[in-house]
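# Remarks on the overall topology
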Amino acid sequence: NGIEAFRQRCQTARTRIGIIIMRRIISILVENEPGALSRIAGLFSARGYNIESLTVAPTEDDSLSRMTIVTHGSEQIIEQITKQLNKLIDVVRLLDLTEGRHIERELLLLKVIATGPDREEIKRLVDIFRGRIIDVDGETYTIELTGPGDKLNAFLDTIPSSGIVEVVRSGVSGIARGERALKI
């Protein structure tokens, strides 16, 4: 995958000059108020930090939403991001999931051209990756696959790009394992 190769080259170059860039999953409980997402995204934008993935959804408490952000940075940059996030009035609690054991998942919806002998091969690949074909329409399949990003990338690498009609990814959702939890 071209994007993954580029990231690897950047990682290697940064390591050579002594900067270790880490992928971090930051989970945040925020007040479920208009503008909260904008203020948090604005914090990243104003400081030149990139958000690789962002998911937001309500929690069991109607007044709170859970936001999961995937970003990259050195230890100092991640520390600065978390300190700045904690200063925002909308942020109730923050947890860096990558500091401990955690589970992360992403949803992939993929529409592919499925004609002739490719139909059976695509079905076989979907089974191997434990996905599901959720729609069959004439010459296309719509496939649902969940798992870590690496699994989704590996699946996409097996599908010829000429057969891909559309790709939709949810972004990362994550939860800490064991006793650690993001709650008030």
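Residues numbered from 1 in each chain as written. Predicted model: local features only at pLDDT ≥ 70, side-chain atom pairs only at ≥ 80, totals over all residues. Heavy atoms only, no water.

### What to know about the side chain of Thr59
- With respect to the secondary-structure elements, Thr59 resides in the loop between β2 (53-58) and β3 (64-73).
- You can call Thr59 buried: its relative accessible area is 19%.
- From its side chain, Thr59 meets the backbone oxygen of Asp61 in a polar contact 3.0 Å long.
- Among the polar contacts made by the side chain of Thr59, one reaches the main-chain carbonyl oxygen of Leu64 at a distance of 3.1 Å. (Helix = DSSP H or I, 4+ residues; strand = E, 2+ residues; numbered from the N terminus. Buried < 20%, exposed > 50% of the residue type's maximum accessible area, 1.4 Å probe, protein only. Polar contact = N/O pair within 3.5 Å; in protein donor to acceptor, adjacent residues only side chain to side chain.)

### Digging into unusual backbone geometry
- Although it is not a glycine, Arg130 adopts a positive phi angle of roughly 60°.
- Mapped onto the fold, Arg130 is located in the loop between α4 (118-128) and β6 (132-137).
- Under the relative-accessibility criterion, Arg130 is labelled exposed at 74%.

### Details of helix α3 (residues 75-87)
- The end-to-end C-alpha distance of α3, which contains 13 residues, comes to 19 Å, matching closely the 18 Å that a straight helix rising 1.5 Å per residue would cover.
- Among the residues of α3, those classed as buried are Ile78, Ile81, Thr82, Gln84 and Leu85. On an axial view of α3, the arc spanned by its buried residues comes to 165°, and they lie on one face. Set apart from the buried face of α3 by more than 90 degrees, the exposed residues are Gln76 and Lys87.
- On its buried face, α3 is in contact with β1 (22-31), α2 (36-46), β3 and β4 (91-96). (Expected span 1.5 Å × (residues − 1). Arc of directions from axis to C-beta. Contact = heavy atoms within 4.5 Å.)

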